[in-house]
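The primary structure of each chain is shown beneath.
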Amino acid sequence: MKTVLITGCSSGFGLETARLFLERGWNVVATMRAPRTDILPASERLKVLPLDVTDAASIAACIEAAGPIDVLVNNAGVGLLNALEGIPMEAVRLAFETNALGTIAMAKAVLPQFRERKSGVIVNVTSTVTAKPLHLLSVYTATKAAVNAFSECLALEVEPFGVRVRVVLPGRAPETAFGDNHRKHMAFGTPDAYGEIVKGVFAEWARQPADEVTHVADVAEGVWRAATDPACPMRLPAGADAVAAMAAAERMLA
Ligand SMILES: NC(=O)c1ccc[n+]([C@@H]2O[C@H](COP(=O)([O-])OP(=O)(O)OC[C@H]3O[C@@H](n4cnc5c(N)ncnc54)[C@H](OP(=O)(O)O)[C@@H]3O)[C@@H](O)[C@H]2O)c1
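Residues numbered from 1 in each chain as written. Predicted model: local features only at pLDDT ≥ 70, side-chain atom pairs only at ≥ 80, totals over all residues.

Engineer: Explain the overall build of the chain to me, using residue names and the numbers behind them.
Structural biologist: Summing up its helical and strand segments, the chain has 8 helices and 7 strands in all. Relative to the 2.2 N^0.38 estimate, which gives 18 Å for 254 residues, the radius of gyration of the chain is 18 Å and therefore close to what a compact globule would have. Projected onto its principal axes, the C-alpha positions of the chain cover 55 × 40 × 30 Å. Residue burial in the chain is summarised as follows: out of 254 residues, 40% are buried. (Helix = DSSP H or I, 4+ residues; strand = E, 2+ residues; numbered from the N terminus. Rg over C-alpha atoms; globule rule 2.2 N^0.38 Å. Buried ≥ 20, exposed ≤ 12 C-beta atoms within 10 Å, placed from the backbone.)

Given below as structure tokens:
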């Protein structure tokens, strides 16, 4: 029976992905900064472990306690929506520490066992904002674009050892805790000069039809495909808006 380790399972895509792999008979190591056992179905195939992807000691302890794993899903992430002028450098660093360096550190932590066993898959969750530049997302997009580039190069490097790397790119998913978590941890106020831009961003989101957003199930299915289908493309959009954004970006490049 195969084992998946997923980061950021306390809510949103990570929680849904953990549910899906459990339903489909896998062993699941669901990791969270503050572990909770009550949000996933009880199962002897479920292990809930503490993990903060910005903390090297936490990563080492988690990998040790998890035992052998077949698939790593780097899903943990923080948002950062603001004009660059309104973002303290400390917040820029936290976003890179979590979204980019956390992903890299986790990949580094599992690679020795994947390489030795000559199998394993790393699935990195980024975002379609990397395909379509949007206002107020310069730093967040940079963290995710770094992971896209990292993943594509790493895929080449580890392919001879039977290890696959894939990227799943969700679109905008208003139903997760992402916006609330961002507001809780990263609200600094936007400089007045950018007020009209902020209004425009929220107005555009309000106009987005409900069937043209990404749902947690879209992302969980995308991660499942990336983990289990060797023919899965390197960059897999997840969600109706994600598929449309990636197709538009490809048309522009053609
Ligand atoms: N929602 C969207 O519109 C959207 C769109 C595209 C991509 N994404 C990406 O999808 C992923 C999941 O987002 P989501 O929408 O499901 O949001 P979410 O509900 O806020 O989930 C994010 C998860 O990451 C965890 N996390 C944050 N910092 C962490 C750290 N240092 N160590 C370990 N875990 C940490 C959070 O845990 P705590 O509960 O401890 O904070 C939470 O479990 C993120 O990488 C995000 O960038 C989201």
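Engineer: If you had to explain the site of the ligand to someone new, which residues and values would you point to?
Structural biologist: Neighbouring residues of the ligand: 28 residues in total, closest G8, G12, A76, G77 and T176. For the shell around the ligand, the elements supplying multiple residues, two or more each, are helix 1 (12–23), helix 3 (89–117) and helix 5 (178–186). Residues belonging to the shell around the ligand are distributed by class as follows: 11 nonpolar, 14 polar and 3 charged. (Near = placed C-beta within 6 Å. Nonpolar A, V, L, I, M, F, W, Y, C, P; charged D, E, K, R; others polar.)

Engineer: Residues and numbers for the environment of V92, please.
Structural biologist: Tracing the backbone shows V92 in helix 3. Taking the C-alpha atoms as reference, V92 lies 9.1 Å from T143; in sequence the two are 51 residues apart. In contact with V92, not counting residues within four places along its chain, are I87 and V139. (Contact = placed C-beta atoms within 7 Å.)

Engineer: Give a detailed account of the nonpolar core, specifying residues and quantitative values.
Structural biologist: Core analysis: the biggest nonpolar cluster contains 50 residues, and V4, L72, V123, V168, L169, V223 and A227 have the highest contact counts within it. For this core, the leading source of residues is helix 7 (residues 216–228), giving 7 residues. The contacts of A227, once residues within four sequence positions are left out, are V4, V71, V121 and V123. Core analysis: the second largest hydrophobic core is formed by 9 residues, I87, A95, V139 and Y140 among them. (Core = buried A, V, L, I, M, F, W, Y, C linked by C-beta atoms within 7 Å.)

Engineer: Talk me through helix 7; I want residue IDs and the actual numbers.
Structural biologist: An ideal rise of 1.5 Å per residue puts 18 Å on 13 residues; helix 7 measures up with 18 Å between its terminal C-alpha atoms. Buried-residue contacts for helix 7 involve strand 1 (3–6), helix 1, strand 4 (71–74), strand 5 (120–125), strand 6 (163–170) and strand 7 (235–238). (Expected span 1.5 Å × (residues − 1).)

Engineer: Kindly report on the packing of helix 2 (residues 56–66) against helix 3, identifying the contributing residues and their values.
Structural biologist: At a closest axis distance of 11 Å, the pairing of helix 2 and helix 3 adopts a crossing angle of 35 degrees. Considering the relative orientation of helix 2 and helix 3, their crossing is right-handed. Judged by residue contacts, A56, I59 and I63 of helix 2 engage A105, M106, A109 and V110 from helix 3. Across the contact of helix 2 with helix 3, the residue classes tally to 7 nonpolar, no polar and no charged. (Axes fitted to C-alpha atoms, helices over the stretch in contact; angles between N-to-C directions. Left-handed = near helix turned anticlockwise from the far one by under 90°.)

Engineer: Give a detailed account of the environment of L84, specifying residues and quantitative values.
Structural biologist: Positionally, L84 belongs in the loop between strand 4 and helix 3. Among the residues examined, L84 registers 12 C-beta atoms within 10 Å and is labelled exposed. Separated by 68 residues in the primary sequence, L84 and E152 have C-alpha atoms spaced 27 Å apart. Residues within four places of L84 in sequence aside, it is in contact with S138 and V139.

Engineer: I'd love a proper account of the sheet that holds strand 7, names of residues and values included.
Structural biologist: Read from one edge of the open sheet, 7 strands run 3-2-1-4-5-6-7, paired in parallel fashion. In the strand order of this sheet, the two ends are held by strand 3 (46–50) and strand 7, each with one partner. Averaged over all neighbouring strand pairs, the angle between strand axes comes to 20 degrees, with direction disregarded. Where strand 1 meets strand 2 (residues 27–32), 4 bridges bridge the pair, whose relative direction is parallel. From the neighbouring strand, L5 faces strand 2, where its bridge partner is V29. Where helix 3 meets the sheet, its contacts fall on strand 4, strand 5 and strand 6, and the angle it forms with strand 5 comes to roughly 165 degrees. Strands strand 5, strand 6 and strand 7 of the sheet are contacted by helix 4 (residues 138–158), whose axis makes an angle of about 160 degrees with strand 6. (Pairing = 2+ DSSP bridges.)

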